[in-house]
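# Understanding the architecture of this molecule
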Amino acid sequence: MREKDFARALALFYQPPRPKAGVHPLASVALSARIGENASIGPFAVIGENVVLGNNAVLHPHVVIYEGAEIGDDFYAHAHAVVREHCRIGHRVILQNGVIVGGDGFGFAKRADGTHAKIVQSGVTVIEDDVEIQTLTSVDRATVGETRVKRGAKIDSLVQIGHACVVGEDDIICSQTGLAGSTVLGKGVLLAGQVGVSGHLTIHDGAVIYAQSGIGGDVAAGQVMSGSPAFEARDWLRSITAFPKLPELLRTVRQLEKRLATIEQGES
Amino acid sequence: MREKDFARALALFYQPPRPKAGVHPLASVALSARIGENASIGPFAVIGENVVLGNNAVLHPHVVIYEGAEIGDDFYAHAHAVVREHCRIGHRVILQNGVIVGGDGFGFAKRADGTHAKIVQSGVTVIEDDVEIQTLTSVDRATVGETRVKRGAKIDSLVQIGHACVVGEDDIICSQTGLAGSTVLGKGVLLAGQVGVSGHLTIHDGAVIYAQSGIGGDVAAGQVMSGSPAFEARDWLRSITAFPKLPELLRTVRQLEKRLATIEQGES
Amino acid sequence: MREKDFARALALFYQPPRPKAGVHPLASVALSARIGENASIGPFAVIGENVVLGNNAVLHPHVVIYEGAEIGDDFYAHAHAVVREHCRIGHRVILQNGVIVGGDGFGFAKRADGTHAKIVQSGVTVIEDDVEIQTLTSVDRATVGETRVKRGAKIDSLVQIGHACVVGEDDIICSQTGLAGSTVLGKGVLLAGQVGVSGHLTIHDGAVIYAQSGIGGDVAAGQVMSGSPAFEARDWLRSITAFPKLPELLRTVRQLEKRLATIEQGES
């Protein structure tokens, strides 16, 4: 059975419980907020001023939508998910528990005396349609402009997406990976778990980065990279296979030096 | 003084504050929930439909227990901890702030057009007796069946336990470690900080994995591993000691080649 | 334009929305708490017994301050931030969403039978003036005494600061870095992303640690380190440049051995 057939079969047998429609009396909803049809807003959910929320939204308890956020249809947010001020979210987006969309970027300017001044994070985070973000992941807002997660990207738990990054369409980002500021990912990129990516670089379409790799420069389309710092995975595999032999190699070379010196002395 | 004596002495001098018994009027408790004796349920805590909660439970403010979860005696959950639908938790379990038990596993099926379909996560997470989980750790539910954390395991902060994993009895998992789906840990395993473990493999009883290691295959009982990818820690220690000498080794070998060529020319 | 001028200019054009002053009727504030002037306390915020909170505090919805915490002026806490019991926080401190200050340290004593007894975490966390902590970061309380983050330090998202650590003045700690217990950082230290630091060691003033490094011993003032385990960044750069050449080096040395053996046979 192919994976997608398995997915379809499973969905026939089990569907997660869906909270009842309606706004719970213990939710806090601003009068200026516009909420679509058939919404389910749980207890202690907070919807700020001027929020726009599409149809069929499910907000579990303790979801907080800051003022001015705009969210499409079929939004599904689990307990303790947060959407910060003025962020924009498309249709059919799922946020698991504890996801933070639009927290301040990590931006500071160093003063002459060594202290750091906070740079106001005036930008937003934009999440396009069909994105799913797993538990306890943070997608920071931009200093200026926007951080963007494009259509269909799936982001696992405990991932950090820095300010002004772009995550490409249908990208898969596995758990505990971090993107520093202004990283751009192309379409269909796969980052395995615990990958670290420096800022201000581009990983082009279809690239694959193995777990625990460190990416410090651009990656070409379709390239497969591994290591910290990363290089071609095929070459990396050869290097890490050789790595345990390194101590023996050192000894061999020292012996070669001695043997060669003996020969050279004999010839002189 | 041995560590366990220190622990006992310290407990005589300090005990953390315990919230008063009773259900706070600003908590939201479903009528169908069954709550044991002597419970302390803080403001804005949420207990869903058909939840079963044992005796002496402490739920700090903002703890959310989704519908159908079953929890044993002496449960202690700090603010913002979450137990998702239908998960099962044993006795004397402690969840620190922000822990998510039973968030959806990261499971998607790739369609022909490159997009990903969500696989319904129909399974649960089971936490056995005497488990403690530190702040902001996520133990995902299984796609089918269960994710299980066995009796007495202790899991540090910001750890990711993927879907259908098994954490063994008395295991210690340090901060920021991640287990991909269907990883099985034996009893008494120690994973140091920032370790990454690929899925569908077994780390057998008593194995020890050093910090920042990457585990891509089975680990035998009692084995001590290090490196990314990991191998025997003893051998790894020799390799990483040799690693800083690698540039000099390269130069030496180039010189050996020249010296050897000189001799060979002399002989020809 | 220098970075700090950019910061100043940007602040003229954009200021994040500031919640209205006043205590929201759906906040839960203990009668014994003392709250300064001009506070803004959002819905579902919780302020425990005997909390002291300075002037101009902003507590977004769902912020939880446990009993006995003491917090200075101009405190700004985003939704779902937590300050645990008896912790102390200075002036002008900013906590982004989901930050946990003072969660229990990861301290257990191993019993003869292999199980682990929890060591009561009797200490606190102290955050000094002008500290900012980004989303979903955990600064654990100490087993005894205190964990301390000194004046002006900035800590990024998903960072783990273990029990009894000291973070120095004006330090910068980037995302997903972890400090094990009792680590001491000097002043002006920079830890890049995903760094891991073992416990019971000191990184002295002005040291710089590159991304994904592992620090297992003391680091001298001003030293620049990289690698896992880390050594001088300058030397590390040479080693990792040589690393992809390791498989070829192995082959070369094997050939040298053969060629040398041929010569030696000829001479014998």
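Our subject is the structure that appears above.
Residues numbered from 1 in each chain as written. Chains lettered and ligands numbered in written order. Predicted model: local features only at pLDDT ≥ 70, side-chain atom pairs only at ≥ 80, totals over all residues. Heavy atoms only, no water.

## Section: the relation of the copies chain B and chain A
Superposition record for chain B on chain A: RMSD 0.1 Å, screw rotation 120°, translation along axis 0.0 Å. Here the copies are linked by what is in effect a three-fold axis. (Least-squares fit on C-alpha atoms with pLDDT ≥ 70 in both.)

## Quick notes on the pairing of strand S17 (residues 124–127) of chain C
Residues and elements named next belong to chain C. Burial of S17 is two-sided: the residues Val124 and Val126 facing one way and the residues Thr125 and Ile127 facing the other way are all buried. In terms of strand pairing, strand S12 (residues 88–89) meets S17 through two bridges, oriented parallel. The residue bridging arginine 88 from the neighbouring strand is valine 126, located in S17. Bridge analysis of S17 against strand S20 (residues 146–149) gives four bridges, and the strand direction is parallel. Across the sheet, the residue bridging to isoleucine 127 is valine 149, located in S20. (Buried < 20%, exposed > 50% of the residue type's maximum accessible area, 1.4 Å probe, protein only. Helix = DSSP H or I, 4+ residues; strand = E, 2+ residues; numbered from the N terminus. Pairing = 2+ DSSP bridges.)

## Quick look at the pattern of salt bridges
Side-chain pairs of opposite charge can arise whenever the charged atoms involved come near each other. All names here are of chain A. Tallied over the full model, the rule gives 45 salt bridges over all chains. When the shortest N-O distance is used, the salt bridge between arginine 92 and aspartate 130 registers 2.7 Å. Placement of the pair is arginine 92 in the loop between strand S12 (88–89) and strand S13 (94–95) and aspartate 130 in the loop between strand S17 (124–127) and strand S18 (132–133), with a sequence separation of 38 residues. By relative accessible area, aspartate 130 is classed as partly exposed at 26%. (Salt bridge = Lys/Arg side-chain N within 4 Å of Asp/Glu carboxyl O.)

## What to know about the interface of chain B and chain A
A common way to state how big an interface is: give the accessible area lost once the parts meet. Chain B puts 71 residues into the contact, and the matching count from chain A is 59 residues. Across the chain B to chain A interface the summed buried area is about 4900 Å²; carbon plus sulfur atoms make up 68%. Counting every contact that joins chain B to chain A gives 27 residue pairs in polar contact (both at pLDDT 80 or more). Sort the elements by how many residues they give to the side of chain B that touches chain A and helix H3 (residues 246–267) of chain B lands first, with nine residues. Across the side of chain B that touches chain A, the residue classes break down as 31 nonpolar, 27 polar and 13 charged. (Contact = heavy atoms within 4.5 Å. Buried area = accessible area lost by both parts, 1.4 Å probe. Polar contact = N/O pair within 3.5 Å; in protein donor to acceptor, adjacent residues only side chain to side chain. Nonpolar A, V, L, I, M, F, W, Y, C, P; charged D, E, K, R; others polar.)

## A word on the interface of chain B and chain C
Taken together, the contacts link 59 residues of chain B with 71 residues of chain C. Counting each side, the surface lost to burial between chain B and chain C is near 4900 Å², with a carbon and sulfur contribution of 68%. Linking chain B with chain C are two salt bridges, by the criterion used here. Where Glu132(B) meets Lys118(C), a salt bridge forms, and the shortest distance between an N and an O atom there is 2.7 Å. Linking chain B with chain C are 27 residue pairs in polar contact (both at pLDDT 80 or more). Elements represented by at least two residues in the side of chain B that touches chain C include exactly helix H1 (3–13), strand S21 (154–155), strand S24 (172–173), helix H2 (233–242) and H3 of chain B. Considering every element that reaches the side of chain B that touches chain C, the biggest residue donor is H3(B), with 13 residues.

## Regarding the packing of helix H3 (residues 246–267) of chain A against H2(B)
Packing of H3(A) against H2(B) leaves a shortest axis separation of 8 Å and a crossing angle of 55°. In terms of orientation, H3(A) and H2(B) fall into the oblique class. For the pair H3(A) and H2(B), the contacting residues are Leu246(A), Pro247(A) and Leu250(A) in the first and Arg238(B), Ser239(B) and Ala242(B) in the second. Residues that form the contact of H3(A) with H2(B) fall into these classes: four nonpolar, one polar and one charged. (Axes fitted to C-alpha atoms, helices over the stretch in contact; angles between N-to-C directions. Parallel < 35°, antiparallel > 145°, perpendicular 65-115°, else oblique.)

## Quick notes on the sheet that holds strand S5 (residues 46–47) of chain A
Residue and element names in this part refer to chain A. The parallel open sheet is built from ten strands, whose spatial order is S2-S5-S8-S11-S14-S19-S22-S25-S28-S31. The open sheet has two free edges, formed respectively by strand S2 (28–29) and strand S31 (214–215), since each of these has just one partner strand. Note: S2 against S5, two bridges, orientation parallel. From the neighbouring strand, valine 29 faces S5, where its bridge partner is isoleucine 47.

## Quick notes on the environment of Asn55(A)
All names here are of chain A. Its place among the elements puts asparagine 55 in the loop between strand S6 (52–53) and strand S7 (58–59). Residue asparagine 55 is classed as partly exposed on the basis of its relative accessible area, which comes to 28%. Along the primary structure asparagine 55 and serine 40 are separated by 15 residues, whereas in three dimensions their C-alpha atoms are 9.8 Å apart. If sequence neighbours within four positions are ignored, asparagine 55 has contacts with Gly36, Glu37, Asp73 and Asp74. There is a polar contact of 2.7 Å between the side chain of asparagine 55 and the backbone nitrogen of glutamate 37.

## Points about the pairing of strand S20 (residues 146–149) of chain A
Side chains on a regular strand alternate between the two faces of the sheet. Residues and elements named next belong to chain A. Burial along S20 is one-sided: the residues Thr147 and Val149 are buried and none of Glu146 and Arg148 is. Relative to strand S23 (residues 166–167), S20 runs parallel, the two sharing two bridges. If you follow arginine 148 over to S23, its bridge partner there is valine 166.

## Points about the side chain of His78(B)
Along the chain, the position of His78(B) falls in the loop between strand S10 (76–77) and strand S11 (82–83). The class of His78(B) is buried, set by a relative accessible area of 3%. Ignoring any residue separated from it by four or fewer positions in sequence, one finds His78(B) in contact with His60(B), Val63(B), Leu95(B), Gln96(B), Asn97(B), Tyr66(C) and Arg84(C).

## Some thoughts on a positive patch on the surface
Residues Lys245(A), Arg251(C), Arg254(C) and Lys258(C) make up a contiguous surface patch of positive charge. Inspection of the secondary structure puts Lys258(C) in helix H3 (residues 246–267). Given a relative accessible area of 62%, Lys258(C) falls into the exposed group. (Patch = residues over 30% accessible without salt bridge, like charges linked within 9 Å, V, L, I, M, F, W, Y side chains within 5 Å. Areas by Shrake-Rupley, 256 points an atom, 1.4 Å probe, with all protein chains shown as cover. Lys, Arg positive; Asp, Glu negative; His and termini not counted. Charge placed at Lys NZ, Arg CZ, Asp CG, Glu CD.)

## Examining the sheet that holds strand S5 (residues 46–47) of chain B
All names here are of chain B. Reading across the sheet, the ten strands line up as S2-S5-S8-S11-S14-S19-S22-S25-S28-S31 and stay open at both edges, with parallel pairing between neighbours. Of all strands in the sheet, those bounded by a partner on one side alone are strand S2 (28–29) and strand S31 (214–215). Strand direction decides the pairing type here: S11 and strand S14 (residues 100–101), joined by two bridges, are parallel. The residue bridging valine 82 from the neighbouring strand is isoleucine 100, located in S14.

Nothing here speaks to function; it is geometry throughout.
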